[in-house]
Amino acid sequence: MDEIDQKILKILMRDARISQKELAAKVGLSAPGVAERVRRLEERGVIRGFTIDVDPEALGYPLQAIVRIRPLPGKLHIVQQLISEIPEFGECDKVTGEDCFVARLYIRSMKELDGLLDQIVDKAETNTAIVKSKPVERRMPPLSAK
């Protein structure tokens, strides 16, 4: 990935809706040249998709919780399936260490949190923390010309 590809990625991360013409002007290429580079970045799996950033609070979810989940013996696959079926789990990572999963829940209230966790409490131990703020928003890893 060269310097121009890195510039393209940085611009698209800020505004995925930018026109090819405007993107081309910002990186010093023609629109067809930029389109070809974006296509190649997609083909190589560097760009996995173009998406929107939605504010959960604007959708009625004022609270977020980080939940560490440790399935009970023999319940790993059942817990993983349950997590994937509960839409309030916005993301989940399978991790090493004492816990098997670290997940983010979008919730409307503490009562709703209890109800959601009740769905897995007989299959896993949980440890929950309410998110107060996000000092670092989700971002992509540093780009290098390696």
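The coordinates are above.
These notes cover the structure that comes with them. (Residues numbered from 1 in each chain as written. Predicted model: local features only at pLDDT ≥ 70, side-chain atom pairs only at ≥ 80, totals over all residues. Heavy atoms only, no water.)

## Regarding the environment of Ala103
Inference 1: Residue placement: Ala103 occurs in strand 3 (residues 101-107).
Inference 2: Residues Ala103 and Thr128 lie 25 residues apart in sequence; the distance between their C-alpha atoms is 9.5 Å.
Inference 3: With residues up to four places along the chain from it excluded, the contact list for Ala103 reads Ala65, Ile66, Val67, Ile69, Phe89, Glu91 and Cys92. (Helix = DSSP H or I, 4+ residues; strand = E, 2+ residues; numbered from the N terminus. Contact = heavy atoms within 4.5 Å.)

## Here's the deal with the packing of aromatic side chains
Inference 1: A complete count under the given rule lists zero aromatic pairs for this structure.
Inference 2: Sitting over the face of the ring of Tyr61, Arg108 holds its NZ or CZ atom 4.1 Å from the ring centroid. (Phe/Tyr/Trp six-rings, centres within 6.5 Å; stacked < 30°, edge-to-face > 60°. Lys NZ or Arg CZ within 6 Å of the ring centre and 35° of its normal.)

## Quick word on helix 4 (residues 76-85)
Inference 1: For helix 4, the set of buried residues is Val79, Leu82 and Ile83. For helix 4, the angular spread of buried residues about the axis comes to 100 degrees, placing them on one side. Turned more than 90 degrees away from the buried face of helix 4, the exposed residues are His77, Ser84 and Glu85.
Inference 2: Of the surrounding secondary structure, the elements contacted by the buried residues of helix 4 are strand 1 (63-71), strand 2 (89-94), strand 3 and strand 4 (124-130). (Buried < 20%, exposed > 50% of the residue type's maximum accessible area, 1.4 Å probe, protein only. Arc of directions from axis to C-beta.)

## Here we look at helix 1 (residues 3-14)
Inference 1: Taking 1.5 Å of rise per residue, the 12 residues of helix 1 would be expected to cover 16 Å, and the 17 Å separating its terminal C-alpha atoms lies within 8% of that figure.
Inference 2: For helix 1, the complete set of buried residues consists of Asp5, Gln6, Ile8, Leu9, Ile11 and Leu12.
Inference 3: The N-cap of helix 1, judged by a side-chain oxygen 3.1 Å from the amide nitrogen of Ile4 a few residues on, is Asp2. (Expected span 1.5 Å × (residues − 1). Polar contact = N/O pair within 3.5 Å; in protein donor to acceptor, adjacent residues only side chain to side chain.)

## Section: the pattern of salt bridges
Inference 1: Scanning the model with the defined rule gives 13 salt bridges in all.
Inference 2: Among the ionic pairs, Asp5 bridges to Arg37, the shortest N-O distance being 2.8 Å. Of this pair, Asp5 sits in helix 1 while Arg37 sits in helix 3 (residues 31-43), and the two are 32 residues apart along the sequence.
Inference 3: In this structure Arg37 comes out as buried when scored by relative accessible area, which is 15%.
Inference 4: Arg39 serves as the salt-bridge partner of Glu43, at 2.2 Å between the closest nitrogen and oxygen. Taken as a pair, Glu43 and Arg39 lie in helix 3 at a separation of four residues, close to a single helical turn.
Inference 5: In this structure Arg39 comes out as partly exposed when scored by relative accessible area, which is 33%. (Salt bridge = Lys/Arg side-chain N within 4 Å of Asp/Glu carboxyl O.)

## Overview of the sheet that holds strand 3
Inference 1: Strand order in the open sheet made by the four strands is 2-3-1-4, with antiparallel pairing throughout. Taken across any chain shown, the strands that pair with only one partner, and hence form the sheet edges, are strand 2 and strand 4. On average, adjacent strands in this sheet sit at an angle of 20 degrees to one another, irrespective of strand direction.
Inference 2: Of the strand pairs in this sheet, strand 2 and strand 3 are connected by five bridges, and their pairing is antiparallel. Bridge pairing links Cys92 to Ala103 in strand 3.
Inference 3: On top of the sheet, helix 5 (residues 110-118) reaches strand 1, strand 3 and strand 4; it is set at about 140 degrees to strand 3, its chief contact. (Pairing = 2+ DSSP bridges. Axes fitted to C-alpha atoms, helices over the stretch in contact; angles between N-to-C directions.)

This is a description of form; function is not addressed.
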